[in-house]
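Topology and contacts: notes
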Amino acid sequence: MLLLDSSDQNLRAAGSAIAQGKIVAIPTETVYGLGADAFNAQAVAKIFAAKNRPTFDPLIVHVASASALDTVVRLVPPKARILVEALWPGPLTLVMPKREAIPDIVTAGLDTVGVRCPSHPVARKIIEYSGTAVAAPSANPFGYISPTTAMHVAKQLGDRVDMIIDGGPCAVGVESTVIDMTHEIPIVLRPGGMPLERIQELIGELAFPEKELKVFASPGQLKSHYAPHADLLLFEEGALARIDPASVPAHAAAIAFDTSMAEQLREATCFDMIYVLSPKGNILEAAANLFAVMRTADEAGFSTLYAERVPDAGLGRAINDRLYRASKKS
Ligand code: TXA
Ligand code: MG
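Residues numbered from 1 in each chain as written. Chains lettered and ligands numbered in written order. Predicted model: local features only at pLDDT ≥ 70, side-chain atom pairs only at ≥ 80, totals over all residues. Heavy atoms only, no water.

As enumerated under the stated definition, the model contains three aromatic pairs in all. Arranged with centres 5.7 Å apart and planes meeting at 10 degrees, the rings of F235 and Y306 form a pair that is stacked. On the criterion of sequence distance, the pair formed by F235 in strand β11 (residues 231-235) and Y306 in strand β14 (residues 304-308) is long-range, its members being 71 residues apart. Look at Y306 and you get buried, because its relative accessible area is 3%. Residues F271 and Y306 carry aromatic rings whose centres are separated by 5.0 Å and whose planes lie at 55 degrees to one another, so their mutual orientation is tilted. With F271 in the loop between α9 (259-268) and β13 (273-276) and Y306 in strand β14, the pair connects residues that are 35 residues apart, well separated along the chain. Looking at F271, the relative accessible area reads 11%, which means it is buried. Here the aromatic cluster, defined as three or more aromatic residues joined through ring pairs, consists of F235, F271 and Y306. (Phe/Tyr/Trp six-rings, centres within 6.5 Å; stacked < 30°, edge-to-face > 60°. Helix = DSSP H or I, 4+ residues; strand = E, 2+ residues; numbered from the N terminus. Buried < 20%, exposed > 50% of the residue type's maximum accessible area, 1.4 Å probe, protein only.)

Let us look at the domain arrangement of the chain. As assigned here, the chain comprises domain 1 (2-203) and domain 2 (231-326). Between the C-alpha centres of domain 1 and domain 2 there is a distance of 29 Å. Each partner contributes residues to the interface: domain 1 has 24 residues there, and domain 2 has 18 residues. For the pair domain 1 and domain 2, the summed buried surface comes to about 1,600 Å²; carbon and sulfur atoms form 55% of the total. Along the contact surface separating domain 1 from domain 2 lie three salt bridges. E175 is the salt-bridge partner of R322, the closest N and O atoms lying 2.8 Å from each other. Run the count over domain 1 and domain 2 and you get 10 residue pairs in polar contact (both at pLDDT 80 or more). Across the side of domain 1 that touches domain 2, the residue classes break down as 12 nonpolar, eight polar and four charged. (Domains from an automatic or database assignment. Contact = heavy atoms within 4.5 Å. Buried area = accessible area lost by both parts, 1.4 Å probe. Salt bridge = Lys/Arg side-chain N within 4 Å of Asp/Glu carboxyl O. Polar contact = N/O pair within 3.5 Å; in protein donor to acceptor, adjacent residues only side chain to side chain. Nonpolar A, V, L, I, M, F, W, Y, C, P; charged D, E, K, R; others polar.)

Our next topic: the pattern of salt bridges. Pairs may arise between side chains of opposite charge once their charged atoms sit close together. Here the structure, examined in full by the defined rule, presents 11 salt bridges. Overlapping salt bridges bring together E175, D321, R322 and R325 as one network.

Of all the positions in helix α5 (residues 121-130), only V122, A123, I126, I127 and S130 are classed as buried. Relative to the axis of α5, the buried residues are bounded by an arc of 130 degrees and lie together on one face. Exposed residues lying more than 90 degrees from the buried face of α5 are P121 and E128. Looking at the buried residues of α5, the elements they touch are α1 (8-19), β2 (24-26), β4 (60-62), β7 (134-135) and β8 (163-166). The first or second residue beyond α5 is G131, which carries a positive phi of 70 degrees. (Arc of directions from axis to C-beta.)

Structure below.
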């Protein structure tokens, strides 16, 4: 395994490794991705092998700029065009009709492909130097928490990837928002780093899939998708401070949104440890720290994690979504 800093020389090396069919872990503003040439089915197969990922799960194709979009999709619906122009580069994946040249392994045989242009300059440089589009899921073993530092990737997939580029900790920290643009009223497949409010301002109404549809339309909706090893118990806002200390098992930790909540929990409860997502209660910072906190708690060996929902707006929706899924592993 090669863990490299983000010098221009290394980014060029990463680009040519991808062009040669290798798999490279790359930093993006959301989470680290495990990238391969999106037009090379064999290279993409290595990603599935490295992640132990079921092949029915489609990957996101990353482009260096919106102008490369046409190499990947055969049609950009008008509402998608509006979003691309206003919100790319950024944490927004748009599902659109795919071009023939995108192999089935990328899209799990679907006729559509999810595309995004990341805003992280290191990701964009690597894609640009590769001269292709880069298929990349999050760089975690299937079912575990997405990595937000190069170290997370090195620890879990280090011996299975050809190269890891360290671009520092991810600023957004939760995966991109995924929207299916093939319907007149676009469908939210995954809330994420791009607030739904910003999308609605630009294109109006969004639809939310039926429960069953969720699983089939976007396997990222698998509930187990972002789970730590510990059991995570998720409570409504404000409920944790009222919990009966006698009901809390041994080796339990809590995740507090901010310092004032942590202090409340310290007084009212008996957790072995209280992790704070954002000392001053900033929702962006909380999102950026969420996965790292779950990992730290796992590494510390806690068997139960207590958390509560945050206000369900903006990035709070993505945080609640990931907490919910972490609480529903199985
Ligand atoms: O922020 C992100 O999106 C990160 C970084 C690396 O870009 N990537 C990521 O990829 O989270 P992944 O593979 O872990 O999640 C991709 C999600 C999955 O829920 C997948 O089912 C959905 O996007 N997806 C991809 N293509 C799709 C398609 N054609 N139709 C429906 N859902 C699709
Ligand atoms: Mg993932």
